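# Coordinate analysis (summary)
Read off the chains here:
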Amino acid sequence: MPAYLFFILLLVSCGKKRQEPVVTPWGQITDTIPNDNDFDLDDIQRNGELIALTLTGPETYYDYHGRHLGTQYMLAQCFADKIGVMLRMEVCRDSAEMLQRLSDGEADLICYPINKDKKDDLGWLVGSDKEDLERELKAWYHPSMVDSVKKQEEFLLSTRSVKRRVFSPMLNRAGGVISHYDGFFQRYASIIRWDWRLMAAQCYQESTFDPQARSWAGACGLMQIMPGTADHLGLPRGSIFDPEQNIAAAAKYLGELDHTFADIPDRSERTKFVLAAYNGGHFHIRDAMALARKNGKNALHWREVEPYVLGLSKAEYYNDPVVKYGYMRGSETVDYVRKIHERWNGYRGVKTVRSTTTVNGTPQKAKRERKKKYQINAD
């Protein structure tokens, strides 16, 4: 461990108390009330909030479709549930910042294996003078919990966590009928000047045209709208599974994202960024654009930004100073955009050109695939 980290760790473990002068009617006295570092388990439970520090990353903490995941976060949430409080997770830049903030009494514990010297220990650090909290944590934790939350996370990230019925990609290939909801796609896609078949392709990717589809994260209906997003869009939660209202709200949201990326002048390019943002969050896509720009690429061209969306799953990228929102599962978002465009091409009878890119943005392979009109491979 570097010397400066050891020094800060020593401060955390010393349990120092800061006493400050207090002015009273009888003069100035020394305050003997414990400082914030003495805010122990009972106080945390009365306050109703556990404040934890961590770093962003696939094993620690990240945002996924509006929900938080990561082994360390999920363990911390389980512990917060155990002691009956809310969890407030704050992301730091590095270990030194976490240790300093814990030493300053700004948090209750560090949810990161920074002090893992025993195999059966979490390696978390508890704030100084929080003896009851540390005792409760040690009594609660068992090494088997790590595998348990990892299996839970793996399930949540799989397609098995989305409850939906699988429908045929097209109802009538010969007649060009894609779904039962084509009329709604045509009506609301026209408002945002989208090809209705592109919106239909997105709907298939989201729910396979199942109006009752629901994901573990809470996304609902044909276009998998989150309840919080529904509130923002003015879609009543009681109507979130209604096909027309769900599609109308999704079109409104796509229109908002289109405006968010108005700095991308080419509409065909902009739709790719909009789809990526719909799936992965516009803030992560902006991070990828910043990385592309930093590395001399065209940040307004999806093919040149795509490698950096993929790169946000690697520490060297999500820890870059230009990145504001940390780790993301970029491969899922890149795959999302690709599949929707391939399906859209199939709906239009257009050939698909597929290319493979590396994180440095250089195309490695391009292959032209021939498809019959309306022939789509279900994913």
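Residues numbered from 1 in each chain as written. Predicted model: local features only at pLDDT ≥ 70, side-chain atom pairs only at ≥ 80, totals over all residues. Heavy atoms only, no water.

### Let's talk about the overall build of the chain
Across its full length, the chain holds 15 helices and 10 strands. Burial statistics for the chain: of 379 residues in total, 49% are counted as buried. A separation of at least 24 residues holds for 60% of the contacts in the chain among residues at least 6 apart in sequence. Accessible surface, the chain as shown: approximately 19,200 Å² in total, 50% of it carbon and sulfur. (Helix = DSSP H or I, 4+ residues; strand = E, 2+ residues; numbered from the N terminus. Buried < 20%, exposed > 50% of the residue type's maximum accessible area, 1.4 Å probe, protein only. Contact = heavy atoms within 4.5 Å. Areas by Shrake-Rupley, 256 points an atom, 1.4 Å probe, with all protein chains shown as cover.)

### Side note on the packing of aromatic side chains
One pass over the full model with this rule turns up 12 aromatic pairs. With a centroid separation of 6.4 Å and 55° between ring planes, the pair formed by Phe 185 and Phe 209 is classed as tilted. Of this pair, Phe 185 sits in helix α7 (residues 182-191) while Phe 209 sits in the loop between α8 (196-207) and α9 (227-233), and the two are 24 residues apart along the sequence. Judged by its relative accessible area of 4%, Phe 209 is buried. Measuring from centroid to centroid gives 6.1 Å for Phe 261 and Phe 273, while their planes differ by 40°, and the two rings are tilted. Highlighted residues: Phe 261 in the loop between α10 (243-260) and α11 (267-280) and Phe 273 in helix α11, separated in sequence by 12 residues. Exposure class is identical for Phe 261 and Phe 273. Each is buried. (Phe/Tyr/Trp six-rings, centres within 6.5 Å; stacked < 30°, edge-to-face > 60°.)

### Re unusual backbone geometry
Most peptide bonds take the trans form, and the phi angle of most residues other than glycine is negative. Its identity as a non-glycine residue notwithstanding, Asp 129 has a phi of 65°, on the positive side. The topology assignment puts Asp 129 in the loop between β8 (125-126) and α5 (131-140). With phi around 50°, Thr 208 is a residue other than glycine that occupies positive phi space. Tracing the backbone through its elements, the reader meets Thr 208 in the loop between α8 and α9.

### Brief notes about the packing of α7 against α8
Two numbers describe how α7 lies on α8: the axes approach to 8 Å, and their chain directions differ by 125°. Between α7 and α8, the angle falls in the class oblique. For the crossing formed where α7 meets α8, the hand is right-handed. Packed against α7, whose contacting residues are Asp 182, Phe 185, Gln 186 and Ala 189, the element α8 presents Trp 196, Met 199, Ala 200 and Cys 203 at the interface. (Axes fitted to C-alpha atoms, helices over the stretch in contact; angles between N-to-C directions. Parallel < 35°, antiparallel > 145°, perpendicular 65-115°, else oblique. Left-handed = near helix turned anticlockwise from the far one by under 90°.)

### Observations regarding the side chain of Asp 320
With respect to the helices and strands, the residue Asp 320 is situated in the loop between α14 (315-318) and α15 (330-348). Of the polar contacts made by the side chain of Asp 320, one reaches the side chain of Lys 294; its length is 2.9 Å. Sequence-distant contacts of Asp 320, defined by excluding residues within four places in its chain, comprise Arg 93, Leu 291 and Lys 294. (Polar contact = N/O pair within 3.5 Å; in protein donor to acceptor, adjacent residues only side chain to side chain.)

### Re the environment of Arg 303
Tracing the sequence through the fold places Arg 303 in helix α13 (residues 302-311). The exposure class assigned to Arg 303 is partly exposed, which follows from its relative accessible area of 30%. In terms of polar contacts, Arg 303 uses its side chain to reach the side chain of Glu 306, at 2.8 Å.

### Focus on the sheet that holds strand β3 (residues 49-54)
Taken together, 4 strands build an open sheet; the order of strands is β6-β3-β7-β8 and the sheet is mixed. Strands at the two margins of the open sheet, each flanked by one partner only, are β6 (86-91) and β8. (Pairing = 2+ DSSP bridges.)

### Describing the pairing of β3
Judged by how many residues are buried, β3 sits mostly within the fold: 5 of 6 residues are covered. Note that β3 and β6 share 6 bridges and pair parallel. The partner of Ala 52 across the bridge, within β6, is Met 89. The pairing of β3 with strand β7 (residues 109-110) spans 2 bridges and is parallel. Looking at the pairing, Ala 52 lines up with Leu 109 of β7.

### Notes on the pattern of salt bridges
Counted under the stated rule, the structure contains 23 salt bridges. When the shortest N-O distance is used, the salt bridge between Arg 338 and Glu 342 registers 3.3 Å. Taken together, the residues Arg 338 and Glu 342, both in helix α15 and 4 residues apart, mark about one turn of the helix. Its relative accessible area of 10% is what places Glu 342 among the buried residues. (Salt bridge = Lys/Arg side-chain N within 4 Å of Asp/Glu carboxyl O.)

### Regarding the packing of helix α3 (residues 71-83) against α5
Orientation of α3 relative to α5, taken along the N-to-C sense of each, is 110°, at an axis distance of 11 Å. Viewed along their axes, α3 and α5 adopt a mutual orientation that is roughly perpendicular. Every pair of crossing elements has a handedness; the one defined by α3 and α5 is right-handed. Where α3 approaches α5, its residues Leu 75, Cys 78, Phe 79, Lys 82 and Ile 83 are matched on the opposing element by Leu 133, Glu 136, Leu 137 and Trp 140. Across the contact of α3 with α5, the residue classes tally to 7 nonpolar, no polar and 2 charged. (Nonpolar A, V, L, I, M, F, W, Y, C, P; charged D, E, K, R; others polar.)

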